[in-house]
Amino acid sequence: MNFGDILEQWEQQNSRDRGKKREQAAYEEVMNRWLEEKPLPLKDADRPLRGKKSPSRKTLRRMAPQESLDLHGYTVEEALKELDGFLLRSKRRGLRKVLIIHGKGNHSDTGDSILRKKVRRYIAESPVCGEHGVPQSGMGGEGAVWIILR
């Protein structure tokens, strides 16, 4: 076997490996997208931890949000998709209270927040969301909503 044959075999093997890597990357991209859209439930996610007492509603109402999502600049469709993913990720991470900033609508043509209505309707209908309310003005006031996750 001469050097030319060896080089040709090596190039063929390298070409097959690159093709497999591309296929693997495409597969991983599709699977990651699917998992974002349809997340798998965590085992025992709804059961309380042993030995740890769940905080009362009063405590949860007073506590600061553990995470927040700012929807300024999003279209309604983008905002609702982002909100859905955020709530599911927050639930999976075990967060109890989150803050959604949708804006007051000061810069809209009508002076009314389009996102406020849509976001609050989504929250009211979501099985992930429990109690919700308007935070103090320092945390967004009418331009935001806090949510206690179920």
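Note that this is a predicted model, so its numbers are computed, not measured.

Regarding its fold elements, the protein chain presents 4 helices and 4 strands. Put simply, the protein chain runs from its N terminus to its C terminus through helices and strands in the order α-α-β-α-β-α-β-β. Split into buried and exposed, the 150 residues of the protein chain put 24% on the buried side. Across the protein chain, contacts joining residues at least 24 apart in sequence account for 62% of those joining residues at least 6 apart. Carbon and sulfur atoms provide 52% of the accessible area of the protein chain, an area that totals close to 11200 Å².

By the bridge criterion, 4 bridges tie strand β1 (residues 67-70) to strand β2 (residues 97-101) in an arrangement that is parallel. When the bridges of β2 are listed, S68 appears paired with L99.

Time to look at the pattern of salt bridges. Taken as a whole and judged by the stated rule, the model has 3 salt bridges. Its salt-bridge partner being R89, residue E82 comes within 3.9 Å of it at the nearest N-O pair. A residue is classified by how much of its surface remains accessible, and E82, at 29% relative accessible area, is partly exposed. Classification of R89 by relative accessible area gives partly exposed; the value is 40%.

Taken across its 5 residues, β2 has 4 buried, putting it largely inside the fold. In terms of handedness, the path from β1 via helix α3 (residues 76-92) over to β2 forms a crossover that is right-handed. When β2 meets strand β4 (residues 144-149), the two strands line up antiparallel, connected through 5 bridges. Pairing of I101 across the sheet is with A144, part of β4.

Here is what the cut-offs are and how they apply
- Residues numbered from 1 in each chain as written.
- Predicted model: local features only at pLDDT ≥ 70, side-chain atom pairs only at ≥ 80, totals over all residues.
- Heavy atoms only, no water.
- Helix = DSSP H or I, 4+ residues; strand = E, 2+ residues; numbered from the N terminus.
- Buried < 20%, exposed > 50% of the residue type's maximum accessible area, 1.4 Å probe, protein only.
- Contact = heavy atoms within 4.5 Å.
- Areas by Shrake-Rupley, 256 points an atom, 1.4 Å probe, with all protein chains shown as cover.
- Pairing = 2+ DSSP bridges.
- Salt bridge = Lys/Arg side-chain N within 4 Å of Asp/Glu carboxyl O.
- Right-handed = clockwise from strand over helix to strand, strands pointing away.

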